[in-house]
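Topology and contacts: notes
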Amino acid sequence: MKTNFAVVPRFLRQHPAMAVNIALSFLTMKKASLYDRRYRESTSKELGLIYFRITPLCNLRCVMCGQRGEKGVLKGKYAYEESKNIVPVEKYYELVDELSPKKPVFYMWGGEPFMYPDFMDLCAYITSKKCILSVNTNGTFLAENADRIVRDKWHGLFVSLDGFEDTNDSIRGKGSYRRVIEGFEAINKAKRKYDSNLPYMGIVTTVNRLNYLHLDELALAVRDFDLAWHIINLGTYTNDDVVARHKTFMKEKLDTNITCLQAYNTGYNEGIDGEKFKEILRKVHAIDNGYPIITVPVIDPDKIGEYYSDLDVIVRDNCTVPWSQANIDYNGNVHFCADYPDYVLGNITKDKFFDIFNNERAQRFREVLKGSPNGIFPGCVRCYQNMLCGQRRKGY
């Protein structure tokens, strides 16, 4: 199973400047991990990656999603009411101006980011500042926006696809697979039109009990769409005991009421057979599609079953996210944890980002995190950001 650096050589050959910016982002996060977290106590001067959860709205209802799924926290009328609080694009322009000298990677997601009213204009503004732009999308709006995406030189598209047609549509909704494929075709047509390698496209597959036995079918089905990567996300899952411990901990240590973690208590991890899944992953990684297939987290195949069956087992510890990353929510709130936004540091509509990034609440969060057992909170044992940026535990 490959590391997250596997895609860099291709970028280096085709877009040296882009590869340098990506490498600098990785180095920033590595420095934060090795130096800032260890020696700077509660502050940081680094920013390698900035997430924008730009809208609470989505046109799909993926069953395991922590936002709009069966137990999601941004459903129905609530999501509609929350969408009235989105940050206006002018404020985002100011934020991009503030952040761009640091050259972080801008990672846009949602909801479905294309449902933000001024999304295309904002993305164009980010690329005009010579910053790396990556967009995480369900892919259903790609076809109609393909020409401008290529013309505005977006750098990366992370497209959610959870299986071949029937499997994917049972999870994400009827017709969603076909719309993604039409989007890939439209992007590739526009790339030929403009003689461009950008954007690089890859798919992200979230593993659950409905799709894990069919991932080899998906890997074969998408081999001809000029993709740059396939990320197999082992998934963010929790259970009642983890939720209860996390709620108690966050209330006692950070005086914060937790509501979001329960959304990942979906049960879609239950029933995943580790031995069968290990064999499927062996098949997937044996397929030569001309691009890396990356499992997140990178994990010993013999531990796959334990990953899903025992959610108390720690596979990544000592989270470094708050020393080099931050998340901007659709309402302007700033927080460190992408999927767990309950602890708010501040709001960009009221204060400058870098004032928020090292304010008293940010410092307190870092102090408590660093002083916690294993350098993580109880609810972090399957957090996607920690799977990417935590320290790999021995044996896993």
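Positions within a chain are numbered from 1, following the residues in the order the chain's sequence is written. Since the coordinates come from a predicted model, pLDDT governs what is reported: local features require at least 70, and pairs of side-chain atoms require 80 or more to be given and counted, while whole-chain, interface and lining totals use all residues. For side-chain calculations, the full set of non-hydrogen atoms in the structure is used, while hydrogens and water are omitted.

Now for the overall build of the chain. Across its full length, the chain holds 15 helices and 12 strands. Each radius of gyration is computed over the set of C-alpha atoms, and the globule rule expresses the reference value as 2.2 Å times the number of residues to the power 0.38. A globule of 396 residues ought to have a C-alpha radius of gyration of about 21 Å, and the chain, at 20 Å, matches this closely. Each principal axis of the C-alpha atoms in the chain carries an extent, and together these give about 55 × 50 × 45 Å. Three labels apply to residues, based on accessible area from a 1.4 Å probe with only protein chains included: buried if under 20% of the type maximum, exposed if over 50%, partly exposed otherwise in between. Counting all 396 residues of the chain, 60% fall into the buried class. Contacts are assigned to residue pairs with any non-hydrogen atoms lying within 4.5 Å of each other. Sequence-distant contacts, at least 24 apart, represent 75% of the contacts inside the chain between residues at least 6 apart. Reported accessibility uses the Shrake-Rupley method at a 1.4 Å probe radius. Residues are deemed covered only where the shown protein chains occlude them. Per element, the accessible surface of the chain, about 16,400 Å² overall, is 50% carbon and sulfur. Here a strand is any run of E in DSSP of at least two residues, a helix any run of H or I of at least four, and the numbering for each starts at the N terminus.

With that settled, consider the pairing of strand S2 (residues 105-109). Taking burial as the measure, the 5 residues of S2 include 5 buried ones, the bulk of the element. The alternating pattern of S2 places Val105, Tyr107 and Trp109 and Phe106 and Met108 on opposite faces, both of which are buried. Should DSSP find at least two bridges between two strands, the strands are taken to pair. One ladder, built from 5 bridges, connects strand S1 (residues 49-53) with S2; its direction is parallel. Paired with Arg53 across the strands is Trp109, a residue of S2. Here S2 runs beside strand S3 (residues 133-137); their pairing, made up of 3 bridges, is parallel. Within the sheet, the bridge partner assigned to Phe106 lies in S3 and is Leu133. Orienting the strands away from the viewer, one traces the path from the first strand over the helix to the second; a clockwise path indicates a right-handed crossover. The β-α-β motif built from S2, the intervening helix H5 (residues 119-128) and the parallel element S3 has right-handed crossover chirality.

Right, let's get into the nonpolar core. Take the buried Ala, Val, Leu, Ile, Met, Phe, Trp, Tyr and Cys residues and link them wherever side-chain atoms come within 4.5 Å; each set so joined is a nonpolar core. Within the largest apolar cluster, 129 residues are counted, with the highest numbers of intra-cluster contacts made by Tyr92, Phe119, Trp154, Phe277 and Phe353. Of all the elements, helix H8 (residues 176-193) adds the most residues to this core, at 7 residues. When sequence neighbours within four positions are dropped, the list of residues in contact with Phe277 reads Val207, Tyr212, Leu215, Leu234, Ile272, Ile304 and Tyr308.

Before going further, it helps to examine helix H10 (residues 240-254). Taking 1.5 Å of rise per residue, the 15 residues of H10 would be expected to cover 21 Å, and the 21 Å separating its terminal C-alpha atoms lies within 8% of that figure. Every buried residue belonging to H10 is among Val242, Val243, His246, Phe249, Met250 and Leu254, and all of these are buried. Buried residues of H10, seen end-on, are gathered within an arc of 135 degrees and therefore sit on one face of the element. Opposite the buried face of H10, at more than 90 degrees from it, the exposed residues are Asp240, Asp241 and Glu252. Summarising the contacts, the buried residues of H10 are in contact with helix H14 (360-371). For H10, the N-terminal capping position is held by Asn239, with its side-chain oxygen 3.2 Å away from the main-chain nitrogen of Asp241. Taken from the residues just after H10, Asp255 is the one with a positive phi, measuring 50 degrees. Expected helix span is given by 1.5 Å per residue-to-residue step, counting one fewer step than there are residues. For this quantity, the arc is that covered by the directions from the helix axis to the C-beta atoms. Throughout this description, a polar contact denotes any pair of N or O atoms lying within 3.5 Å of each other; where both atoms belong to protein, one of them has to be capable of donating a hydrogen while the other can accept it, and for residues adjacent in sequence the pair is counted only when both atoms sit in side chains.

A word on the layout of surface pockets. Volume-wise, the second largest pocket comes out at about 290 Å³. Using protein atoms alone on a 1 Å grid, points that fit a 1.4 Å probe yet trap it form a cavity, whereas open point sets bounded by protein on both sides within 12 Å along at least five of seven lines form a pocket; residues with an atom within 4 Å of a point count as lining. Lining the second largest pocket are 19 residues, and of these Arg53, Tyr78, Tyr330, Pro341 and Asp342 sit closest to its centre. Note that Gly is not counted as nonpolar here; it falls among the polar residues with everything else outside the nonpolar set of Ala, Val, Leu, Ile, Met, Phe, Trp, Tyr, Cys and Pro and the charged set of Asp, Glu, Lys and Arg. Residues of the lining of the second largest pocket, tallied by class, amount to 9 nonpolar, 5 polar and 5 charged. Grid points are joined across faces, edges and corners, and a volume is the space filled by probe spheres set on the points.

Turning next to the packing of aromatic side chains. Each aromatic pair joins two rings of Phe, Tyr and Trp (for Trp, the six-membered one) with centres within 6.5 Å, and gets the label stacked for planes under 30 degrees apart, edge-to-face for over 60, and tilted for any other angle. Applying the stated criterion to the full structure yields 26 aromatic pairs. Note on Phe336 and Phe357: the rings are 6.1 Å apart at their centroids and 65 degrees apart in plane angle, and the pair reads as edge-to-face. Of the two residues, Phe336 sits in the loop between strand S10 (333-335) and strand S11 (346-347) while Phe357 sits in helix H13 (residues 353-357), which places them 21 residues apart along the sequence. Across the pair, Phe357 and Phe336 agree in class, each one buried. Ring centres of Tyr343 and Phe365 lie 5.2 Å apart, and the angle between their planes is 40 degrees; this geometry places the pair in the tilted category. You can see Tyr343 sitting in the loop between S10 and S11 and its partner Phe365 sitting in helix H14, a full 22 residues away along the chain. Here Tyr343 falls in the buried class, since its relative accessible area comes to 5%. For Phe365, a relative accessible area of 4% puts it in the buried group. Of the aromatic side chains, those joined through ring pairs into one cluster are Phe249, Phe336, Tyr343, Phe353, Phe354, Phe357, Phe365 and Phe377. Only when the NZ atom of a Lys or the CZ atom of an Arg is both within 6 Å of the ring centre and within 35 degrees of the ring normal do we say a charge sits over the ring. Seen from the ring of Tyr268, Arg209 lies directly overhead, with NZ or CZ sitting 4.5 Å from the centre. Its guanidinium or amino end placed over the ring of Tyr343, Arg361 lies 4.2 Å from that ring's centre, counting from NZ or CZ.

The element S3 is extensively covered by neighbouring structure, given that 5 of its 5 residues are classed as buried. Across the two faces of S3 the burial is the same, with Leu133, Val135 and Thr137 and Ser134 and Asn136 all buried. With 4 bridges joining them, S3 and strand S4 (residues 156-160) adopt parallel strand pairing. If you follow Ser134 over to S4, its bridge partner there is Gly156.

The subject of this paragraph is the sheet that holds S10. Strands sit in the order S7-S6-S5-S4-S3-S2-S1-S9-S10-S11 across an open sheet of 10 strands; the sheet is mixed. The open sheet has two edge strands with one neighbour each: strand S7 (293-296) and S11. In this structure, S10 lies alongside S11, joined through 2 bridges in antiparallel fashion. When the bridges of S11 are listed, Asn333 appears paired with Asn347. Helix axes use the C-alpha atoms of the stretch in contact, all axes being lines fitted to C-alpha atoms, and the angles between their N-to-C directions lie in the range 0 to 180 degrees. Relative to the sheet, helix H4 (residues 89-99) contacts S1, S2 and strand S9 (325-328), its axis offset from that of S1 by approximately 170 degrees. Its contacts with the sheet put helix H11 (residues 274-286) on strand S6 (229-233) and S7, and the angle it makes with S7 is roughly 145 degrees.

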